Structure formats: C-alpha cells, structure tokens
Amino acid sequence: MVLSFRCLLSAFVLLFTTVSGFAQQPLLPSEQWVKLRDEASGAAPYENLRYLTRLHRVPATAEFDQAAQFILERAREYGLAEVQSEQFPIDGKTQYGLMRSYLGWKVEAGQLWEVRPQHLLLGDWATDPIRLADYSHSADVEAALVDVGDGSHESDYRNKDVRGKIVLADGVLARVQELAVRQHGAVGIVSDMPNQITAWSGLDRTIVRWGHLDAREPAGFAFMISRDTAASLRTQLAAGEPIVLSAKVKAEVGPGQWTVVSGVIPGTDPASGEIVYSCHLDHERPGANDNGSGCVTILESARIIARLISNGQLPRPKRTLRFVWGPEIEGTMAYLSRHPEIRKRLRANIHMDMVGGDPFKNKSIFHVTRHSVVAAEFCHRRGRDLR
C-alpha cells in the first residue's frame, strides 16, 4: 500500500493548508504532517482489504451488497457523519444522467466439464467464481466445442456450423455473444479473452481473466479459461479431435439495484463546497488492487482525518469532505444524478483507483495528473485557499 499512502498524504495537503507561495515552502506544517503520518496505519487497511477480497463484488449482486454493508459499518465505526447506503433501481431501461442502467445478477452454481475425450473440470463457480463470466444465463447442455478464433467478426463463422454448440473464442465477449449466440444459435461460449492488454498480461499464460456478457441479451453463458488451456483445446480441434463439453449454470439476470455508500466529515463552512473522495467497490474475487486497494485507502483517509479532528490534533477543514463507495462509473452517475446539490457543491474529486499495485511486478509507472500543486495554483490565482 505504499502508493496508496503517498497519494493519501498528498491529498491531505489540499485540505489543511492555505496556499501561499506553494513553490517556495511546504504546503503542510511539519507538526500536522507528523500527526498524519503517525496516525496512518498499514494494518487497518490491510485487514479491511483481506475481507473485501473474499467477496465476488460484481455490481448488483448479493456479495457486492455484502461488501457495501461492511464499508457502511466501518465508516460509522470510524466516526463519519451522515453515513448511509442508497439503492438505485436498475432494469436495463432507467437512465441515470448519461448512463443507462444495467441489470442485476443472481448466481447459485456454474460448472464446465470436458466430458470427451477426457473427463476434466474446466471451471467451477463455487471455488473460483471468476471462471463464470458476469451476467451468464442458466444452462444445462452437453455440446461439441467449435473454435471460431476471435469470434467477434461475421467472417469467423464462415463455413462453420455452431448452432446448438459451444464456441471457443478470444474476442470481446459481448460481441461474440451477439454473433455466436443470438445470430448463429450457439448455446454458449468458452473464452480466453485477455480483456485488458498490459505490459504483463502475456507473461503468465495460466492466468484466468474476468469477462462479462451483455446483461441485456436474453440468453447465453460464458466460461473463462487461461490462454494455455485455450491453446491446448485449439490444438486438439485443429488435429480433428472432437471435444464435448458439459455446461451447467443456475443464474438469473433481471432487475436489481446498485448500492452506493457515502459519509462525510462536515466542514466549518458548508457554503465553500465539498471535496469528494471516491473509488469503485466492485471487482471479481480475489482481486485486491482493482479496486479493493482504493476502497480501503479512502476508508483509511476518513479514519485518520476523523480521528485527528475528534481528539483535537487537527482543525476541522473549511470544506466538507465526502467519501463515496459504489459501482465503477455507473454508481457515481446514479449518485450524482440523484444528488444535484452535491454536484453543485463539488470543488475537487480525489479518486483512488488501483493504488496498491507493485510497480515492479506490474511493470508500471506511477503517474500523477492534475495533482495538488496544479489545483493549488488554480485556487491561489483565484484568491482562494484549499481548506
């Protein structure tokens, strides 16, 4: 969590200082910096993160709501005010700002077996839920596997009969679902879609990546497999060896709700606006960085600030600090759509997303954009401070 607290402490600079000559002197008095540093704990966010990673936090599912309830309880425990959990109905039609709502998803079971030429378990929701693509529908089929390559182009189906069969594809799942299932009659998909190309995505071919279908499509399921497993299946099919799979899914796609948790640390001057801390609470189990790390970082930010204010070690900020946990993008859109008054009061947003990654392992570079100095300069030129 090194990057998390580097971001966190930089964010504090925005909240407790009067900007004056920021290029020549520290923005935070040393005694306040020391108090923030001494109160910050790596153990607290780590334990919160350990809990979140045990949950398969797909938006509008029971386990996402379980994670939201955990955040709600922690926020109250840490002394935030106005802590609440809000539900936003979703039905595939309701509009929140520019975002049309998605649908909910309830899953009881999902297994994929190879039954011929060998008996082999390829995926089980119960032990590894990432194997079942989000918004898969119920199914109970035994069918031949057909390799359609990418599967997201009409040409991939030329001279191939996929009706009543399961397709093996590595293209964008929603597009494969539209072509293979809806247009050509396939019953389901086995996918090794990488979903995100990164500097490290091809280094470990045993990794199973998450995927999601279009919830608004009325049928179809998908199981995710590794690149190595897909390569082995393709080699067998290319050699003319038939493969028969058995897929059993018990799931329901339908109306549901997005849940957003929020809380505040009240400022001394409500008319001066709000600073909003945000993150996204959703991700597949057992993902810790995207974005469990951001969720526990803003939670720890809230704990530190509230604790130091309550015991008199820090002054209460001029602006109200608002903390928001919800589904990525859609949760924020729904929340701000319902609360136009918060939109009007918002002066800056500190968004924490994937801040706990190891830059060496991820082969990544830490970028800071529009950081505190830029914001400070803007406010300083307008004759305002950032407290």
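Since the structure is predicted, the reported quantities are computational estimates derived from the model, not experimental observations. (Residues numbered from 1 in each chain as written. Predicted model: local features only at pLDDT ≥ 70, side-chain atom pairs only at ≥ 80, totals over all residues. Heavy atoms only, no water.)

Check the secondary structure of the protein chain and you find ten helices and 14 strands. Here the contacts in the protein chain between residues at least 6 apart in sequence split such that 73% fall between residues at least 24 apart. Split by element, the accessible area of the protein chain, about 18,200 Å² in all, is 52% carbon and sulfur. (Helix = DSSP H or I, 4+ residues; strand = E, 2+ residues; numbered from the N terminus. Contact = heavy atoms within 4.5 Å. Areas by Shrake-Rupley, 256 points an atom, 1.4 Å probe, with all protein chains shown as cover.)

Side chains that differ in charge, positive against negative, can pair when their charged atoms come close. Overall, the coordinates contain 20 salt bridges when judged by the stated rule. Here Arg338 and Glu86 are joined by a salt bridge, their closest N and O atoms 3.4 Å apart. Placement of Arg338 in helix H8 (residues 330-338) and of Glu86 in strand E1 (residues 81-90) is noted, with a sequence separation of 252 residues between them. Classification of Arg338 as partly exposed rests on a relative accessible area of 38%. On the basis of relative accessible area, Glu86 is assigned to the buried category, the value being 7%. Asp170 is paired through a salt bridge with Arg227; the nearest N and O atoms lie 3.8 Å apart. Residue Asp170 is found in the loop between strand E7 (166-169) and helix H5 (173-183), and its partner Arg227 is found in helix H6 (residues 227-238); the two are separated by 57 residues along the sequence. When salt bridges with common partners are traced through the structure, they connect Asp147, Asp170, Asp192, Arg227 and Arg234 into a single cluster. (Salt bridge = Lys/Arg side-chain N within 4 Å of Asp/Glu carboxyl O. Buried < 20%, exposed > 50% of the residue type's maximum accessible area, 1.4 Å probe, protein only.)

Moving on to the pairing of strand E6 (residues 139-147). Sheet topology note: the E6/strand E10 (residues 244-254) ladder contains six bridges and is antiparallel. Paired with Val141 across the strands is Ala247, a residue of E10. Pairing of E6 with E7, which is carried by three bridges, proceeds in the parallel orientation. Paired with Val146 across the bridge in E7 is Val167. (Pairing = 2+ DSSP bridges.)

To summarise the sheet geometry, strands pair through backbone hydrogen bonds and adopt either a parallel or an antiparallel arrangement. If you walk across this open sheet you meet the seven strands as E5-E4-E10-E6-E7-E8-E9, and the pairing is mixed. Either end of the sheet is taken by a strand with one partner, and the two such strands are strand E5 (120-124) and strand E9 (222-224). Each neighbouring strand pair of the sheet contributes to a mean axis angle of 25°, computed without reference to strand direction. Relative to strand E8 (residues 188-191), H5 is tilted by about 140°, and along the sheet it contacts E7, E8 and E9. Along the sheet, H6 contacts strand E4 (104-116), E5, E6 and E7; its crossing angle with E7, the most-contacted strand, is approximately 115°. (Axes fitted to C-alpha atoms, helices over the stretch in contact; angles between N-to-C directions.)

Of the residues in the protein chain, 87% have a pLDDT of 70 or more, and the chain-wide mean is 89. Counting interchain partners and residues more than four positions distant, the pLDDT-below-50 stretch residues 1-5 has 17 contacts. (pLDDT = per-residue confidence, 0-100.)

Attention now moves to helix H3 (residues 43-52). Considered for burial, the residues of H3 that qualify are Pro45, Asn48, Leu49 and Leu52. For H3, the angular spread of buried residues about the axis comes to 100°, placing them on one side. (Arc of directions from axis to C-beta.)

Pairing is mixed across the open sheet formed by five strands, whose spatial order is E1-E11-E13-E12-E14. Strand pairing shows two members of the sheet lacking a second neighbour, E1 and strand E14 (346-351), which therefore form its edges. Sheet twist, expressed as the average angle between the axes of neighbouring strands with direction ignored, equals 20°. Bridge count between strand E12 (residues 274-280) and strand E13 (residues 320-326): seven bridges; the pairing is parallel. The partner of Tyr277 across the bridge, within E13, is Phe323. Its contacts with the sheet place helix H4 (residues 62-77) against E1, strand E11 (256-265) and E13, and it is angled at close to 15° to E11.

This paragraph deals with the state of the cysteines. Counted according to the given criterion, the structure contains zero disulfides. Looking at the unpaired Cys279, the closest cysteine sulfur is the one in Cys295, lying at 3.4 Å. By relative accessible area, Cys295 is classed as buried at 0%. (Disulfide = S-S within 2.5 Å.)

Another point: the packing of helix H2 (residues 30-39) against helix H7 (residues 289-310). Each pair of packed helices gets described by two things: the angle between the helix axes and the distance between those axes. It is at 10 Å that the axes of H2 and H7 come closest, and there the two elements cross at 125°. One element, H2, and the other, H7, form an angle in the oblique class. Relative to H7, H2 is oriented so that their crossing is right-handed. Touching Lys35, Leu36 and Glu39 of H2 are Glu300, Arg303, Ile304, Arg307 and Leu308, all from H7. Looking at side-chain class alone, the contact of H2 with H7 contains three nonpolar, no polar and five charged residues. (Parallel < 35°, antiparallel > 145°, perpendicular 65-115°, else oblique. Left-handed = near helix turned anticlockwise from the far one by under 90°. Nonpolar A, V, L, I, M, F, W, Y, C, P; charged D, E, K, R; others polar.)

What follows covers the pairing of E7. Burial along E7 is two-sided: the face carrying Ile166 and Leu168 and the face carrying Val167 and Ala169 are both buried. Pairing geometry for E7 and E8, over four bridges, is parallel. Each residue of the ladder has a partner; that of Ile166, found in E8, is Gly188. Each parallel crossover has a hand, and for E7 linked through H5 to E8 it is right-handed. (Right-handed = clockwise from strand over helix to strand, strands pointing away.)

With respect to the helices and strands, Gln177 occurs in helix H5. Among the residues examined, Gln177 registers a relative accessible area of 1% and is labelled buried.

Moving on: H2. Looking only at H2, the buried set comprises Gln32, Leu36 and Glu39. Down the axis of H2, the buried set is contained in an arc of 75°. They therefore lie on one face. Exposed positions of H2 whose direction lies more than 90 degrees from the buried face are Ser30 and Asp38.

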